[in-house]
Amino acid sequence: MRRLLRGITAFIVALLVWQAIVSLSGVPRFILPGPAVVAQALWENAALIRDNAFWSAGNLAVGLGIGIILGVETALLLALSRRARWLLRPMLVAAQAVPVFALAPVITLWLGYGMPSKIVTIALVTYFPIASAMFDRLMALPAGLIDLSHLSGASRWHETLLLRLPYAVPGLLSGLRLAVVYAPLAVLIGEWVGSSQGLGHLILMSNGRGQTGLMFAALIVLACLSLCLWLAVEALSRAATGRLYGDRSSFD
Amino acid sequence: MTGPSIRISGTLFSGQTPLISGLDLMLPGERWSVLLGQSGVGKTSLLRLIAGLPCAAHLEGQITCGDGMLIAPRVTMMAQDDQLLPWASAHDNVTICSRLRGAPVQPNRAAALLAKVGLSGLQHRKPTQMSAGQRQRVALARTLYEDRAIVLLDEPFSALDAMTRQSVQDLAVNLLANRTVVLITHDPGEAIRLADAAWMITPSGSTQCDLPSSAMPRDAAATETLAAQAALLHQMRGHISGDAA
Ligand SMILES: Nc1ncnc2c1ncn2[C@@H]1O[C@H](COP(=O)(O)OP(=O)(O)OP(=O)(O)O)[C@@H](O)[C@H]1O
Ligand SMILES: [Mg+2]
């Protein structure tokens with residue numbers, strides 16, 4: 001409740017500052033529209049924005065879901081198999097140095113302007129941080145617990161499932177935090193490269209037509225979407241940490 | 001459950017450099033053997049080699065059991081850091097080893113052991129919700145659940161306050177009866193209190209320490225215990241200044 005109140009206060013203050021900048025600087029409304037103008041654009045284009053937002057959010061959900069599932073599976077596979085590590089680890093490292101976003105035009109070229117290319121871009125961009133953050137943590141099992149596994153005569157499979165996997169949950173969560181920062185960017189870039197739908201498309205199109213109010217409205221909806229995603233991950237993270245490590249969660 | 005005697009002989013190396021040369025330790029079966037020695041001399045390494053755990057040092061020589069059977073499947077170890085799983089309850093921590101092996105869990109035995117170490121009400125607590133002494137008792141219950149004939153203890157009581165330490169020590173002595181126990185400690189008081197036999201490990205080998213004739217666990221406040229403790233402390237100091245010279 002306290003947090004909600006704080007959030008609302010921050011939102012109102014931001015609106016006031018925005019309005020103050022617009023009024024005091026006298027910037028024309030086609031450069032920087034005030035909150036009232038944007039609210040009006042949001043109201044008047046509600047159906048248009050909603051449809052495009054749903055399209056983008058749908059891609060985001062599916063892409064992120066695929067990224068998470070494949071990321072977790074890759075991390076587990078690498079933790080389980082020495083051969084897979086030998087083969088795939090360099091790729092994982094290289095992928096962190098290369099901006100995966102740059103692949104968006106190629107993916108669009110191969111998969112066209114529709115949903116598949118957007119979903120693949122989002123999945124790709126979220127896959128790497130999740131896979132590598134989780135893998136790092138899977139391999140960082142403390143020496144004492146490795147000894148425990150050794151003394152019990154555990155197989156690699158049991159060790160991974162019972163020790164490494166629970167130990168890697170914080171890694172998965174930090175990968176997820178990175179992924180939800182990247183995912184909306186991937187939505188934008190995917191749609192900017194070529195799309196006839198979505199919030200990114202709407203921003204680009206309204207900008208071209210000088211509909212600055214609509215552009216800001218779409219931007220704000222996208223920002224809200226990102227924020228919700230981020231809040232969801234934070235909540236998940238708190239819940240998981242509380243469940244795993246008990247109330248006093250000082251473990252990391 | 002009868003613990004075999006263990007014999008360690010040879011030279012312990014770290015790479016090319018010898019850490020302990022001319023080792024010949026005969027650790028009696030079903031007894032508590034205490035190893036003392038300066039930090040870095042190689043005590044933990046010896047214990048890891050007995051347990052068959054990966055180790056930076058290697059032994060040119062032999063570790064054998066009095067009964068001629070393998071050590072590795074009969075050994076368990078407890079370290080200074082309790083090594084509990086932070087995400088698992090006390091009960092799940094006690095039974096983790098059998099789950100790791102893929103063997104069926106014996107919940108009643110785990111509960112009985114937790115009760116024996118005085119934690120019957122805390123089965124569902126996570127390690128973060130327990131005190132250091134309680135955590136170490138969970139680790140002790142886990143060690144007991146393994147029910148191995150050889151138990152290696154690497155300074156397991158050193159992080160506890162004096163009173164808790166005594167009670168955990170007494171518990172361990174009671175519950176580890178008839179097993180071969182090897183205890184590493186830096187605390188002369190603990191050594192004198194718990195040892196059936198004790199050795200001072202130095203780079204040039206091992207020397208057996210004098211102990212009171214009474215049976216362990218000895219009363220920490222008894223005159224002969226205190227005298228033996230003082231003598232041992234003197235011996236430890238002598239080795240340190242001797243090495244520095
Ligand atoms: N991973 C490692 N690589 C190289 N040398 C190591 C490694 N681990 C330990 N050593 C060396 O091996 C020697 C023995 O270490 P060990 O841990 O057995 O000592 P210790 O007698 O148990 O000391 P302490 O009483 O401080 O625990 C030390 O001199 C240490 O520097
Ligand atoms: Mg040591």
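This one's a predicted model, so the numbers in the text were calculated from it and none came from an experiment.

In this structure, what is going on with the sheet that holds strand β4 (residues 58–65) of chain B? I would like to understand it.
The strands making up a sheet associate through hydrogen bonds between their backbones, and the pairing can be parallel or antiparallel. Residues and elements named next belong to chain B. Spatial ordering of the open sheet is given by β2-β1-β4, a layout of three strands whose pairing is antiparallel. Since the sheet does not close on itself, it has two edges, and those belong to β2 (17–27) and β4, each with one partner. Ignoring strand direction, the axes of neighbouring strands in this sheet form an average angle of 5 degrees. Taken together, the eight bridges between strand β1 (residues 6–14) and β4 define a ladder with antiparallel strand orientation. In the sheet register, L12 faces β4, and the bridge partner there is L59.

Sorry if this is basic, but what is going on with the sheet that holds strand β3 (residues 32–37) of chain B here?
Residue and element names in this part refer to chain B. Taken together, six strands build an open sheet; the order of strands is β5-β6-β7-β3-β8-β9 and the sheet is mixed. Only two strands of the sheet have a single partner each, and these edge strands are β5 (75–79) and β9 (205–208). The average angle at which neighbouring strand axes cross in this sheet is 20 degrees, direction not considered. Its contacts with the sheet put helix α4 (residues 132–146) on β5 and β6 (150–154), and the angle it makes with β5 is roughly 175 degrees.

I would appreciate a short explanation of the interface of chain B and chain A in the present structure.
The parts lose accessible area when they come together, and the size of an interface is often stated as this lost area. Across the contact, 25 residues belong to chain B and 25 residues belong to chain A. Buried surface at the junction of chain B and chain A, summed over both partners, amounts to about 2100 Å²; 64% is from carbon and sulfur atoms. The largest contributions to the chain B side of the interface with chain A come from B:W87, B:L100 and B:T128, which together make up 37% of the buried area. Where B:R48 meets A:D147, a salt bridge forms, and the shortest distance between an N and an O atom there is 2.7 Å. Linking chain B to chain A there are five residue pairs in polar contact (both at pLDDT 80 or more).

Would you mind going over the nonpolar core with me for this structure?
Note on soluble globular proteins: their nonpolar side chains tend to be buried together. Residue and element names in this part refer to chain B. W32, L36, V117, L140, L153, L176 and L232 are the most contacted members of the largest nonpolar core, which totals 43 residues. Of all the elements, α4 adds the most residues to this core, at six residues. When neighbours within four sequence positions are excluded, L232 is seen to be in contact with L36, P188, A191, I192, M200 and C209.

Would you mind going over the packing of α4(B) against helix α5 (residues 162–175) of chain B with me for this structure?
The geometry of a pair of packed helices is captured by two quantities: the angle between their axes and the separation between those axes. All names here are of chain B. Contact geometry of α4 with α5 gives a least axis separation of 11 Å together with a crossing angle of 10 degrees. Here α4 lies roughly parallel to α5, going by the angle between them. Across the interface between the two elements, G133, R137, L140 and L144 of α4 pack against T164, V168, L171, A172 and L175 of α5. Here the residues of the contact of α4 with α5 sort into six nonpolar, two polar and one charged.

Whenever I open this one, the pairing of β1(B) confuses me. Can you help?
Residues and elements named next belong to chain B. In the sheet, β1 pairs with β2 via eight bridges, with the strands oriented antiparallel. Bridging across to β2, G10 finds its partner in L23. What sits between the antiparallel neighbours β1 and β2 is a turn of two residues, in which G15 has the positive phi angle 65 degrees.

Mind showing me how you'd approach the site of ligand 1 here?
Residues and elements named next belong to chain B. Taken together, L19, Q38, S39, G40, V41, G42, K43, T44, S45, A56, E155 and H186 make up all the residues around ligand 1. Here S39 contributes a side-chain N or O atom positioned 2.5 Å from an oxygen atom of ligand 1. Notes on ligand 1: free accessible area 640 Å², of which the protein chains cover 55%. Here the shell around ligand 1 takes three residues from helix α1 (residues 43–51), the largest share from any one element.

Explain unusual backbone geometry here, please?
Excluding glycine, most residues fall at negative phi; most peptide bonds, likewise, are trans. Residue and element names in this part refer to chain B. Cis rather than trans, the peptide bond between M216 and P217 has omega equal to -5 degrees. Within the secondary structure layout, P217 lies in the loop between β9 and α7 (223–244). Of note, D147 is a non-glycine position whose phi angle comes to about 55 degrees, a positive value. As for its placement among the helices and strands, D147 is situated in the loop between α4 and β6. In this model, N178 sits at a positive phi of 70 degrees, which is unusual for a non-glycine residue. In this structure, N178 sits in the loop between α5 and β7 (180–184). Exposure remark for N178: the relative accessible area of 44% places this residue in the partly exposed category.

Would you take a moment to explain the packing of aromatic side chains for this structure?
Each aromatic ring pair is specified by the distance between its two centres and by the angle formed by the two planes. Going through the model one piece at a time under the given rule, you end up with three aromatic pairs over all chains. Here the aromatic rings of A:F101 and A:Y182 are separated by 6.1 Å at their centres, their planes lie at 80 degrees, and the arrangement is edge-to-face. With a gap of 81 residues between them, A:F101 in the loop between α4 (82–97) and α5 (104–111) and A:Y182 in helix α9 (residues 169–193) connect regions that are remote in the sequence. In this structure, A:R137 is placed above the aromatic ring of A:Y167, and the distance from its NZ or CZ to the ring centre is 3.9 Å. Its guanidinium or amino end placed over the ring of B:Y145, B:R109 lies 4.5 Å from that ring's centre, counting from NZ or CZ.

The rules behind the values
- Residues numbered from 1 in each chain as written.
- Chains lettered and ligands numbered in written order.
- Predicted model: local features only at pLDDT ≥ 70, side-chain atom pairs only at ≥ 80, totals over all residues.
- Heavy atoms only, no water.
- Pairing = 2+ DSSP bridges.
- Helix = DSSP H or I, 4+ residues; strand = E, 2+ residues; numbered from the N terminus.
- Axes fitted to C-alpha atoms, helices over the stretch in contact; angles between N-to-C directions.
- Contact = heavy atoms within 4.5 Å.
- Buried area = accessible area lost by both parts, 1.4 Å probe.
- Salt bridge = Lys/Arg side-chain N within 4 Å of Asp/Glu carboxyl O.
- Polar contact = N/O pair within 3.5 Å; in protein donor to acceptor, adjacent residues only side chain to side chain.
- Core = buried A, V, L, I, M, F, W, Y, C linked by side-chain atoms within 4.5 Å.
- Buried < 20%, exposed > 50% of the residue type's maximum accessible area, 1.4 Å probe, protein only.
- Parallel < 35°, antiparallel > 145°, perpendicular 65-115°, else oblique.
- Nonpolar A, V, L, I, M, F, W, Y, C, P; charged D, E, K, R; others polar.
- Near = heavy atom within 4 Å.
- Areas by Shrake-Rupley, 256 points an atom, 1.4 Å probe, with all protein chains shown as cover.
- Phe/Tyr/Trp six-rings, centres within 6.5 Å; stacked < 30°, edge-to-face > 60°.
- Lys NZ or Arg CZ within 6 Å of the ring centre and 35° of its normal.

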